[in-house]
Amino acid sequence: MSSSWENVRVDGSNMRAYVSSPEDSNKVPGIVIVQGQTGVDDFVQFTRMVASEGFVGAAPDLYHRDPADCKDDAPTRRMRLTDQTVSADVNATVEFLKSHPSVDPARIGIVGFCMGGRAVYLMSALNPDLKAGVMYYGGDPFHAWGEGPSPFERTAQIHCPIMGHFGEDDKNPSPADMRKLDAEMTRLGKPHEFHSYANAAHAFANFGSPGYREHAATASWPRTFGFFSKHFKHT
């Protein structure tokens, strides 16, 4: 496996992205890994995990518009994000993966955690190059960040299958939120499968988080990578 920080061009400037690739030089699927609120550095381990499963993973730094010496806390930095900037950054990462020498450009997926899970729902409606999406406890899908419809209001535009992982003890998204998403996707005929984990709350799969719950995290991984492998076979 090889891993490195790379520069991805977006809005006329560089955005750093952590990229991991398997040793196999064959063309493999590419996966965008979308960070949680704490920042991309806390999610590089997921990128290496993606590569260990045989995919090329790229985790963009959604806070790249902040100054390099920014000392603001994570919630403050998150509040500066908009759906427009998130979509620009994910779209740029998709293009980066499509041009990567080890990636099959017809097989691109996305996985995200916390606010990144919300981005999965959003981008599954916005970017037709995405063939499968996996969201981990994506919070606040019912409100827009900035102008335009919320991710939930874009459900009719979702074009790829989605898997969702949720903690039964989570408050955002709550079990009621999960049921609302499930009902809307079912109503609109959007392929999806949701999994709920007992004795798990928000960030149950985030390595190093106080909310990490090994039983839930380890149950989710085979489901996640099996889901990607299943749907990449159909592209």
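Source: prediction; values computed, not measured. Every chain is numbered on its own, with residues counted from 1 as its sequence reads. Selection of residues for local features in this predicted model requires a pLDDT of at least 70, selection of side-chain atom pairs for listing and counting requires 80 or more, and totals for whole chains, interfaces and linings are taken over all residues. Note: side-chain values were computed over all heavy atoms of the structure, leaving out hydrogens and water.

### Description of the packing of aromatic side chains
Logical step 1: Each Phe, Tyr or Trp ring, with Trp reduced to its six-membered ring, pairs with another whose centre is within 6.5 Å; inter-plane angles below 30 degrees give stacked pairs, above 60 give edge-to-face pairs, and intermediate values give tilted ones. Applying the stated criterion across every chain yields a total of 21 aromatic pairs.
Logical step 2: Ring centres 5.0 Å apart and planes at 70° place the aromatic pair phenylalanine 142 and phenylalanine 152 in the edge-to-face group. One end of the pair, phenylalanine 142, is in the loop between strand E6 (130-136) and strand E7 (162-167); the other, phenylalanine 152, is in the loop between E6 and E7, and 10 residues separate them in sequence. Phenylalanine 152 matches phenylalanine 142 in its accessibility class, with the two residues each being buried.
Logical step 3: On the basis of an interplanar angle of 10° and a centroid distance of 5.7 Å, the ring pair of phenylalanine 228 and phenylalanine 232 is categorised as stacked. Taken together, the residues phenylalanine 228 and phenylalanine 232, both in helix H6 (residues 214-232) and 4 residues apart, mark about one turn of the helix. Both residues of the pair, phenylalanine 228 and phenylalanine 232, count as buried.
Logical step 4: Looking at arginine 78, its charged tip hangs above the ring of tryptophan 145, at a distance of 4.5 Å from the centre.
Logical step 5: Only lysine NZ and arginine CZ atoms are considered, and such an atom sits over a ring when it is within 6 Å of the ring centre and within 35 degrees of the ring normal. One cation-aromatic arrangement involves arginine 118 over tryptophan 145; the distance from NZ or CZ to the ring centre is 4.0 Å. In DSSP terms, a helix is any run of H or I states spanning at least four residues, a strand is any run of E spanning at least two, and both are numbered starting from the N terminus. For every residue, the accessible area obtained with a 1.4 Å probe (protein chains only) is divided by the maximum for its type, and the residue is called buried under 20%, exposed over 50%, and partly exposed between those limits.

### Examining the packing of helix H3 (residues 83-98) against helix H4 (residues 115-126)
Logical step 1: As a rule, the C-alpha atoms of each element are fitted with a line to give its axis, helices using only the stretch in contact, and angles between N-to-C directions run from 0 to 180 degrees. At a minimum axis distance of 10 Å, the contact between H3 and H4 shows a crossing angle of 75°. Judged by the inter-axis angle, H3 sits roughly perpendicular to H4. In this structure, H3 contributes Asp83, Val86, Ser87, Val90 and Asn91 to the contact, and H4 contributes Arg118, Ala119, Leu122, Met123 and Leu126.
Logical step 2: For this scheme, ten residues count as nonpolar: Ala, Val, Leu, Ile, Met, Phe, Trp, Tyr, Cys and Pro. Four count as charged, namely Asp, Glu, Lys and Arg, and the remainder, Gly too, count as polar. Its residues assigned to classes, the contact of H3 with H4 comprises 6 nonpolar, 2 polar and 2 charged. Roughly parallel covers angles under 35 degrees, roughly antiparallel covers those over 145, roughly perpendicular covers 65 to 115, and oblique covers all other angles. When checking whether two residues touch, look at their non-hydrogen atoms; a contact exists if any pair is within 4.5 Å.

### What about the pairing of strand E4 (residues 56-60)?
Logical step 1: Where burial is concerned, most of E4 is hidden: 5 out of the 5 residues are buried.
Logical step 2: Burial along E4 is two-sided: Val56, Ala58 and Pro60 and Gly57 and Ala59, pointing in opposite directions, are all buried.
Logical step 3: Across 4 bridges, strand E2 (residues 13-21) lies against E4 in antiparallel orientation. In the sheet register, tyrosine 18 faces E4, and the bridge partner there is alanine 59.
Logical step 4: Note that strand E3 (residues 28-34) and E4 share 3 bridges and pair parallel. Residue pairing in the sheet places valine 32 in a bridge with alanine 58 of E4. A strand pair is defined by DSSP finding two or more bridges across the two strands.

Functional significance is not addressed by these values, which are geometric in nature.
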